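# Structural overview
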Amino acid sequence: PVHGQLTDYDFGELRVGASVGGYVYVDANNNGVRDTGEVAISGVKVRLTGTDINGQTVALGQDTGVDGSFLFSVAPSNSAGYTLTETQPGGFTDGKTGIAAGNPGATPTKKPVGVGDNDQITGVVLAGGAALTDYRFGEGLIPQLKPPIVNGRPARAYDAASNAGPAISAIL
């Protein structure tokens, strides 16, 4: 028997594969934007969590590279989007977290309960084929203590062996 030709069948295809990335850096002027000359912070743990478009749980982690960057290649997200979480690096104060204009996502005004000192960007809705960049975790430098000023000059520790240092006397 001869079969007839079938027509008008539509096959929907999903674009697979997407990526989201950014960097961790010293935000010297605390403006939430990585300006020229602001230094990268390498070795910082960044996690991407959430649910993909197929209902699968996603939980990935990586350390930032020598240039402070991170990049996750994943399936598109569900409508709630992914969450990026940065573990606060030691030796730095918490700075501003930022998102490039036009990118999906939100930075909480207060740190959510249970994340400690970690920063989060939530609601990163990632469509198939999207390559989102410029998610920023800015950090500050810990201020260095300076010696006290005595008689208009920085005080130094007194070294009895060399008789160096300022003579300081106290009246009790």
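What this report covers is the structure whose coordinates are included nearby. (Residues numbered from 1 in each chain as written. Predicted model: local features only at pLDDT ≥ 70, side-chain atom pairs only at ≥ 80, totals over all residues. Heavy atoms only, no water.)

### Re the overall build of the protein chain
From N to C terminus, the protein chain includes zero helices and 10 strands. Counted over contacts in the protein chain with a minimum sequence separation of 6, partners at least 24 positions apart contribute 63%. For the protein chain, the exposed surface amounts to about 11200 Å²; the carbon and sulfur share of it is 55%. (Helix = DSSP H or I, 4+ residues; strand = E, 2+ residues; numbered from the N terminus. Contact = heavy atoms within 4.5 Å. Areas by Shrake-Rupley, 256 points an atom, 1.4 Å probe, with all protein chains shown as cover.)

### What about the sheet that holds strand E4 (residues 69-74)?
The strand order across the open sheet built from four strands is E4-E1-E8-E6, with neighbouring strands paired in mixed fashion. The open sheet has two edge strands with one neighbour each: E4 and strand E6 (92-99). Between one strand and the next, the sheet's axes are offset by a mean angle of 20°, whatever the strand orientation. Strand direction decides the pairing type here: strand E1 (residues 18-26) and E4, joined by six bridges, are antiparallel. Across the sheet, the residue bridging to Gly-22 is Phe-70, located in E4. (Pairing = 2+ DSSP bridges. Axes fitted to C-alpha atoms, helices over the stretch in contact; angles between N-to-C directions.)

### Observations concerning the nonpolar core
Soluble globular proteins tend to pack their nonpolar side chains together in the buried interior. Val-20, Leu-48, Phe-72, Leu-84, Leu-126 and Tyr-135 are the most contacted members of the largest nonpolar core, which totals 22 residues. For this core, the elements supplying multiple residues, two or more each, are E1, strand E2 (45-51), E4, strand E5 (82-86), strand E7 (119-124) and strand E8 (131-141). Considering every element that reaches this core, the biggest residue donor is E1, with four residues. Apart from the residues within four sequence positions on either side, Tyr-135 is in contact with Val-20, Gly-21, Gly-22, Tyr-23, Phe-70, Leu-84, Gly-98, Ile-99, Asn-103, Pro-104, Ile-121 and Val-124. (Core = buried A, V, L, I, M, F, W, Y, C linked by side-chain atoms within 4.5 Å. Buried < 20%, exposed > 50% of the residue type's maximum accessible area, 1.4 Å probe, protein only.)

### A closer look at unusual backbone geometry
One non-glycine residue, Asn-30, lies in the positive phi region at around 50°. Phi angles above zero are rare outside glycine, and Asp-134 is one such case at about 70°. Looking at the element boundaries, Asp-134 is found in strand E8.

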